[in-house]
Amino acid sequence: MNYLLIEQTDFRNQLKPFTFTRPIAEIRVGILTIKEKWEKHLNATLSHISAPTLSEKYPTKTEARNILINSSVCPNPELVKAIQLGASLKKEGVLISATATEEEIGFFDPKQKLEEAAEYDGEITMITQSWHIFQKNAAEIRSDFELITAGRNSQHVNDPHTSVYGEKNIFIEEGASIKAAILNAENGPIYIGKNAQIHEGAIIKGPFAMLDNSHVNMGAKIKGDSTIGPYCKVGGEVSNSVFFGYSSKGHDGFIGNSVVGEWCNLGADTNTSNLKNNYASVKLWDYAKGSFKDTGLQFCGLMMGDHSKCGINTMFNTGTVVGVCSNVFGSGFPRNFIPSFAWGGAAGFSTFNLKKAFEVAEKVMERRDKTLDETEQKILTEHFEESKADRIWEKK
């Protein structure tokens, strides 16, 4: 059976800026991306039916018979069994899964499939808003931890100067290095990927995950419910935040209740506010509506899209959204919504032109033996045009 991950348009809009450059199922929440979760549960390779701008990088593979799965849904064993039986399922008005022939996929009608689907009465975790990524991260770390460590043996903590609490809840992959650190997994698991490094003086509390080849720098304080994706470098104070991968917050400064995409860099002493002074619920920019939307959350920090950067001592206000390929710097608090390809800060913005953005991205990616190929450039070029309406200074 061939499995395809399909997107619901309103969910895709609600998960921007992260879905400007990736399908929903490529979002990392917990240890794995949503796609990786399904692939491990189903023991199969999945492909996407995604936005046209992403179809070249994420091609669709179809067969005579296909099972379509909502990209925003995180799997669990009970749901996986139901889907493997070929059931068309819905949950509270949302299509969860459906079957389709190769011919039907070209003119797939979600409304018709929704009418035909049976109501699923089990529990489901869905990632449909950008803040769900950090809000549901702890639970997904626990779920992924059980999934990827079952029947396997962890490497041991051999460093005599590292203190460990709740050792049975710690899994260390081959090649990882831990020196003179404190690991506390009493309240949740800690997963450390291949060749990852935890440096001297770091304090880590679970639930926590760090993926392959990442670093937790000296003296870092990781308060839990956080994920550091592959090839990241993270230091300072981190609480309930997710770094997708290939991004750095190498120095002191606080980040909390936040999500950072790929190829981002937070300068030394960057700080994010995750709580308003009046304790009111936090509003985030809604790309679909072109205005701010109430999250209902008291704690919500920074949402930063791919390839964005900020300079030293940057201060992000509560509930700040930064688009793709933006460069933020200078004193004071910049605005709470910073469009893609913005250059500046509290004093004002100009446009970060595409050629210069490519030059920076190429240099950054070369450091991790990656290239900004034509496909990536095409995605960013199309988004540069798409995001013009958000850069209001261009209209003056």
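Relevant structure appears above.
Remember, predicted model here, so these are calculated numbers, not experimental data. (Residues numbered from 1 in each chain as written. Predicted model: local features only at pLDDT ≥ 70, side-chain atom pairs only at ≥ 80, totals over all residues. Heavy atoms only, no water.)

### Comments concerning the layout of surface pockets
Convention followed: Space inside and on the surface of the protein is sampled on a 1 Å grid over the protein atoms alone, with a cavity defined as a set of points where a 1.4 Å probe fits but cannot get out and a pocket as an open set with protein on both sides within 12 Å along at least 5 of 7 lines; lining residues have an atom within 4 Å of a point. Grid points are joined across faces, edges and corners, and a volume is the space filled by probe spheres set on the points. The way it works is that DSSP assigns letters per residue, a run of H or I at least four long becomes a helix, a run of E at least two long becomes a strand, and they are numbered from the N terminus.
For the largest pocket, the calculated volume is near 490 Å³. R22, K57, Y58, Y246 and E262 are the residues nearest the centre of the largest pocket, which is lined by 27 residues in total. Among the elements of the structure, α2 (34-42), β22 (242-245) and α9 (374-386) are those that each provide at least two residues to the lining of the largest pocket. When residues in the lining of the largest pocket are grouped by element, the largest group, 4 residues, is from α9.

### Here's the deal with the side chain of K293
Under the convention used in this document: Remark: exposure states derive from per-residue accessible area (1.4 Å probe, protein chains only) relative to the maximum for the residue type, with buried under 20%, exposed over 50%, and partly exposed in between. Any two residues having at least one pair of non-hydrogen atoms within 4.5 Å are treated as being in contact.
Looking at the secondary structure, you find K293 in strand β29 (residues 291-294). Overall, K293 belongs to the buried group, its relative accessible area being 18%. Here K293 is in contact with Q14, Q129, W131, V282, K283, L284 and D286, once residues within four sequence places are set aside.

### Focus on the packing of aromatic side chains
Convention followed: Two aromatic rings from Phe, Tyr or Trp, using only the six-membered ring of Trp, form a pair when their centres are within 6.5 Å; if the ring planes differ by under 30 degrees the pair is stacked, by over 60 it is edge-to-face, and anything between is tilted. Look at NZ for Lys and CZ for Arg. If either is within 6 Å of the ring centre and within 35 degrees of the ring normal, a charge sits over the ring.
Tallied over the full model, the rule gives 12 aromatic pairs. With 5.2 Å between their ring centres and 5° between their planes, Y231 and Y246 make a pair best called stacked. Of this pair, Y231 sits in the loop between β19 (226-228) and β20 (233-234) while Y246 sits in the loop between β22 and β23 (248-249), placing them 15 residues apart in sequence. Take Y246: its relative accessible area is 17%, and that puts it in the buried class. Ring centres of F349 and W393 lie 5.7 Å apart, and the angle between their planes is 25°; on these two criteria the pair is classed as stacked. Note that F349 is positioned in strand β37 (residues 348-351) and W393 in the segment after α9, a separation of 44 residues in sequence. According to the relative accessible area criterion, F349 is buried, its value standing at 15%. Every member of this aromatic cluster is reached through a ring pair, and the members are F20, W285, Y287, F292 and F337. Lying over the aromatic face of F384, R391 brings its terminal NZ or CZ to 4.5 Å of the ring centre.

Such coordinate-based values are descriptive only and should not be taken to indicate function.
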